[in-house]
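Okay, here's what each chain looks like letter by letter:
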Amino acid sequence: QQQVKQSPQSLIVQKGGIPIINCAYENTAFDYFPWYQQFPGKGPALLIAIRPDVSEKKEGRFTISFNKSAKQFSLHIMDSQPGDSATYFCAASIRDDKIIFGKGTRLHILP
Amino acid sequence: DAGITQSPRHKVTETGTPVTLRCHQTENHRYMYWYRQDPGHGLRLIHYSYGVKDTDKGEVSDGYSVSRSKTEDFLLTLESATSSQTSVYFCAITPGGYGYTFGSGTRLTVV
């Protein structure tokens, strides 16, 4: 019940395309759903996060869509660029408890 | 990363030797975490701390111990390193609430 399942494992998209990364969870007590972006040789960095009381959140070219009834959420990257090539992790937590991470998606944007 | 430093950045050690990794923060945050990152497994929690001398186990704590004698330092010790502990280790901090700040990681190789 504490797992966060992330797919796909890897994704290749042409520049300008819209990569979509999906995550699913079981524990309905989760109330915070962040996405982290990690470049090679660096630690993960918080990209965007959402609470379950909203269905969508946008920050620049990054959008989280949240479906509470399906217990799923996804990350969309609009007008993707080669600089967006990175590993993306979805995650979930309950209040200030430890964050549970998905296994990650390696995204490659072709120039 | 601002406010959080991991040392060493790289280490090669022999099987059976003790190893200590250090996480140092200048943010005076209460919460500190140690994760390991392995291909196909994402980020897995090893140990965490909610304050000085207040630590607890995560999902992959076997073979690891931690200590936190000062707010700013969180030490991870491999009592007797094994090849299965070859990994990239990340420290994370948060003031509580939501959102982690990660360090740049320590790449540990056990030969």
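Read on for a plain summary of the structure.

Cut-offs applied
- Residues numbered from 1 in each chain as written.
- Chains lettered and ligands numbered in written order.
- Predicted model: local features only at pLDDT ≥ 70, side-chain atom pairs only at ≥ 80, totals over all residues.
- Heavy atoms only, no water.
- Contact = heavy atoms within 4.5 Å.
- Salt bridge = Lys/Arg side-chain N within 4 Å of Asp/Glu carboxyl O.
- Nonpolar A, V, L, I, M, F, W, Y, C, P; charged D, E, K, R; others polar.
- Buried < 20%, exposed > 50% of the residue type's maximum accessible area, 1.4 Å probe, protein only.
- Helix = DSSP H or I, 4+ residues; strand = E, 2+ residues; numbered from the N terminus.
- Pairing = 2+ DSSP bridges.
- Patch = residues over 30% accessible without salt bridge, like charges linked within 9 Å, V, L, I, M, F, W, Y side chains within 5 Å.
- Areas by Shrake-Rupley, 256 points an atom, 1.4 Å probe, with all protein chains shown as cover.
- Disulfide = S-S within 2.5 Å.

## A look at the interface of chain A and chain B
- Residue-level contacts link 21 residues of chain A with 21 residues of chain B.
- At the surface where chain A touches chain B, the tally comes to 0 salt bridges.
- Among the residues making up the side of chain A that touches chain B, the classes are represented as 7 nonpolar, 6 polar and 8 charged.

## Focus on the pairing of strand β4 (residues 31-38) of chain B
Residue and element names in this part refer to chain B.
- β4 sits mainly inside the fold: 8 of its 8 residues count as buried.
- Neither face of β4 is left uncovered, since the one carrying Tyr31, Tyr33, Tyr35 and Gln37 and the one carrying Met32, Trp34, Arg36 and Asp38 both have all their residues buried.
- Across 7 bridges, β4 lies against strand β9 (residues 87-94) in antiparallel orientation. Bridging across to β9, tryptophan 34 finds its partner in cysteine 91.

## Examining a nonpolar patch on the surface
- Judged by side-chain polarity, Ile18, Ile20 and Met78 of chain A come together as a nonpolar surface patch covering roughly 230 Å² of accessible area.
- Residue position: isoleucine 18 of chain A is located in the loop between β2 (10-14) and β3 (20-25).

## Details of the environment of leucine 78 of chain B
All names here are of chain B.
- Turning to its location among the elements, leucine 78 is positioned in strand β8 (residues 73-78).
- You can call leucine 78 buried: its relative accessible area is 0%.
- Ignoring anything within four residues of it in the chain, the contact list for leucine 78 reads Thr17, Pro18, Val19, Gly63, Tyr64, Gln85, Tyr89 and Leu108.

## So, the state of the cysteines
- The full count for this structure, using the stated rule, is 2 disulfides over all chains.
- Each disulfide pairs two cysteine sulfurs, and for cysteine 23 of chain A the partner residue is cysteine 90 of chain A, the sulfurs being separated by 1.9 Å. On the sign convention where negative is left-handed, the bridge of cysteine 23 of chain A and cysteine 90 of chain A, at about -95° about the S-S bond, is left-handed. Taken as a pair, cysteine 23 of chain A in strand β3 and cysteine 90 of chain A in strand β9 (residues 86-92) lie far apart in primary sequence, 67 residues in all. For the pair shown, cysteine 23 of chain A and cysteine 90 of chain A are each scored as buried.
- Each sulfur of the disulfide joining cysteine 23 of chain B and cysteine 91 of chain B lies 2.0 Å from the other. Disulfide cysteine 23 of chain B-cysteine 91 of chain B: the torsion about the S-S bond is -75°, which places it as left-handed. In this pair, cysteine 23 of chain B sits in strand β3 (residues 19-25) while cysteine 91 of chain B sits in strand β9, placing the two residues 68 residues apart along the sequence.
- The class for cysteine 91 of chain B is buried, based on a relative accessible area of 0%.

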